[in-house]
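What follows is the residue order along each chain.
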Amino acid sequence: METKRTIICTVCPRGCKIDVTMDGGRIKDMKGFTCKRGEAYAQAECIAPVRTLTTTMRIIGAGLPVIPVKSQSPVPKEKLFDFMKAINSTQVKAPVNVGDIVLANACGTGINIVASRNMPRKDMTARS
Amino acid sequence: MTIIKADLVVIGGGPAGMAAALEAKKSGLNNIIILERDKELGGILQQCIHNGFGLHIFGEELTGPEYAWRFIKEVEASDITCKLNTMVLDISPDRVITVVNQEDGLIKIEAGAIVLAMGCRERTRGALNIPGARPAGIYTAGSAQRLVNMEGYLPGKKFVILGSGDIGLIMARRLTLEGVEVKMVCELLPYSGGLTRNIVQCLEDFNIPLKLSHTITQIHGRERVEGVTVSQVDESRKPIPGTEEYVECDTLLLSVGLIPENELSKESGIQLDPVTGGPLVNEAMETSMDGVFACGNAVQVHDLVDYVTQESRVAGRSAAEYVLHGQTDDTGTIHTVPGSGIRYIVPQQIRRGHGAKLFFRVTNVFTNTSIVIQCDDKILYTAKKLKVAPGEMETVELPPEKLAGLDGALTVSLVPNS
């Protein structure tokens, strides 16, 4: 069954509108892209869209209650909420350093979640 | 009262202040102090946990905190003094700064030069005069971002967002990922102020409606927000009677504009540009006050922190040169003038004999147009642009040779392509 959709490319500021016709999960036709990168982007968007996930995770013993984290590589778009659930069910203990893996192999995808900043051990109730 | 001396005092320890201080150090200054009101360096970047920072400066896509860390690391490894949890109360005409914190109490710092890097603040509900009582549950998008990303709070369960600038869009995604409902984003103008990438990845990805040419005309609820009235607006941005729609929600986020923070600048008598809201500066990022420089969002609201870093390095270098070599001779200045389609230009002045990196914004979305820079009837630069938008700052570098011998005003304009 044929489906049509329009994708706005986000690779460069031009934002070309690309019209894609799909049939049963395969791309039948694609027009509107003006470069190879846009073509590749539209293909990925239609077949296997991915997004880098950035969020926070609970941390114990640091100066703040949450630490910013990110997926080490882009996550399949349909798994974003599964990742969020996994991350929100996890805690880390200070100290944590930028780049440290806070959740390995999230949702069995092989994608690690890493810390985006340092958080040394600190008593949150102490006056700075 | 304790009085200490410093070659350079940088007010603000975010990306702008850190880049300026580090560049001043590299340029040969030694006694440098950064004054920061928060409990850590990094400024607004610490709450910007999304990625997209650093493509120009580092060639990588970093999150805000990662970008901040690149600079915090260098500052901590240097002998630059950082006073955290510190507020600046006053700057005297001869650059004596009155400062307060818990450790030092109330002290004065005599500065050889000053760099203003206070960043910007958000426009609030009071400034918009949205009718209604004062229920709990109304936040600026940036305040909500801090609460979610640093303090670990969820401000509500059902959101409406006013303003389609990047902060509003980013928060729409952030909140949706945390499992709450974002019912819509309303935008007063007929176009969004945010990057297309954010429209796609923050709204379309989650089927959050974007209502262009819409605004909020009433907030309902006494103790807590219960809902908002959304109305369509006409070309003059006036609500159209009969288009009102009640939307149930418990939290309203306002992403309706950023204003350069210049209370200190105003009190010190530094001249501000009414369009940018920041100080008038020359190509060295020097303000109208001797030995006082400015950079970052305090001068003009930036879209990319990479440009903040570039601009701030100029300020830091200039401040160092001022302290080491004194004020350069006054050979006159060329004024930059926004022409057709241009809202403002930074710097507003260029000293004769110098080149400049111009930053400017356009007044509207234009397609198939050209940027034309001219002075004394001489065209200095043209560039064809498929599309320009107010939400995307443009930049053009003019080397000193291009500006040599020029006398009159330098205008930047948009000219439609034939």
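Report follows, based on the coordinates. (Residues numbered from 1 in each chain as written. Chains lettered and ligands numbered in written order. Predicted model: local features only at pLDDT ≥ 70, side-chain atom pairs only at ≥ 80, totals over all residues. Heavy atoms only, no water.)

### Notes on the sheet that holds strand β8 (residues 91–93) of chain A
Residues and elements named next belong to chain A. Using the following cut-off: Pairing between strands is defined by DSSP: at least two bridges between them are needed. Here a strand is any run of E in DSSP of at least two residues, a helix any run of H or I of at least four, and the numbering for each starts at the N terminus. The angle between two axes is taken between their N-to-C directions and runs from 0 to 180 degrees, where each axis is a line fitted to C-alpha atoms and a helix contributes only its stretch in contact.
One open sheet holds the 5 strands; their spatial order is β8-β5-β6-β10-β9, and the pairing between them is mixed. The sheet terminates laterally at β8 and β9 (101–106), the two strands that pair on one side only. This sheet shows a mean twist of 35° between the axes of neighbouring strands, independent of strand direction. Relative to strand β10 (residues 111–115), β9 is paired through 3 bridges, and the arrangement is antiparallel. Within β10, the position partnered with Leu103 by the bridge is Ile113.

### As for the side chain of B:Gln201
Defined as follows: Using a 1.4 Å probe on the protein chains alone, a residue whose accessible area is under 20% of its type maximum counts as buried, one over 50% counts as exposed, and one in between counts as partly exposed. We call two residues in contact when some of their heavy atoms are within 4.5 Å.
Note on placement: B:Gln201 falls in helix α6 (residues 196–203). For B:Gln201, a relative accessible area of 15% gives the class buried. Beyond its immediate chain neighbours, meaning those up to four positions away, B:Gln201 contacts A:Thr10, A:Arg51, B:Arg173 and B:Phe206.

### What to know about the interface of chain A and chain B
The parts lose accessible area when they come together, and the size of an interface is often stated as this lost area. Applicable threshold: We count a salt bridge whenever a side-chain nitrogen from Lys or Arg sits within 4 Å of a carboxyl oxygen from Asp or Glu. Polar contacts, as used here, are pairs of N or O atoms within 3.5 Å; protein pairs need one atom able to donate a hydrogen and one able to accept it. Residues neighboring in sequence count only if both atoms are side-chain atoms.
Opposite the 28 residues of chain A that make contact, chain B presents 31 residues. Counting across the interface, chain A meets chain B through 4 salt bridges. Here A:Lys70 makes a salt bridge to B:Glu66, at a shortest N to O gap of 3.0 Å. At the surface where chain A touches chain B, the tally comes to 11 residue pairs in polar contact (both at pLDDT 80 or more).

### Let's talk about the sheet that holds strand β2 (residues 17–23) of chain A
Residue and element names in this part refer to chain A. The 3 strands lie next to each other as β1-β2-β3, forming an open sheet whose pairing is antiparallel. The sheet is open, and its two borders are formed by β1 (2–8) and β3 (26–31), each paired with just one other strand. Strand-to-strand twist in this sheet, taken as the mean axis angle between neighbours without regard to direction, amounts to 25°. Here 5 bridges tie β2 to β3, and the two strands are oriented antiparallel to one another. By the bridge assignment for β3, Met22 is matched with Ile27. Taken strand by strand, helix α1 (residues 36–47) contacts β1, β2 and β3, and its axis lies near 130° from that of β1.

### A few points about the environment of B:Pro15
Residue and element names in this part refer to chain B. Within the fold, Pro15 resides in helix α1 (residues 15–26). Taking relative accessible area as the criterion, Pro15 reaches 11% and is therefore assigned buried. For Pro15 and Gly391, which are 376 residues apart along the polypeptide, the C-alpha to C-alpha distance reads 20 Å. In this structure Pro15 touches Gly42, Leu45, Val305 and Val308, once residues within four positions along its chain are discounted.

### Structural notes on empty space enclosed by the protein
Spelled out, the test is: Cavity: a set of points on a 1 Å grid over the protein atoms alone where a 1.4 Å probe fits but cannot get out. Pocket: an open set with protein on both sides within 12 Å along at least five of seven lines, its lining residues, like those of a cavity, having an atom within 4 Å of a point. Grid points are joined across faces, edges and corners, and a volume is the space filled by probe spheres set on the points. In the scheme used here, Gly and all other residues not listed as nonpolar or charged are polar, with Ala, Val, Leu, Ile, Met, Phe, Trp, Tyr, Cys and Pro taken as nonpolar and Asp, Glu, Lys and Arg as charged.
Within the structure shown, the criterion is met by 3 cavities of 30 Å³ or more. Empty space within the largest cavity amounts to approximately 70 Å³. Lining the largest cavity are A:Arg51, A:Thr52, A:Leu53, A:Thr54, A:Leu80, B:Arg173, B:Leu177, B:Gln201, B:Asp205 and B:Phe206. Residues that form the lining of the largest cavity fall into these classes: 4 nonpolar, 3 polar and 3 charged. When its volume is computed, the second largest cavity comes out at roughly 60 Å³. Every residue lining the second largest cavity is listed: A:Thr54, B:Ile49, B:His50, B:Asn149, B:Ile170, B:Arg173, B:Arg174 and B:Leu177.

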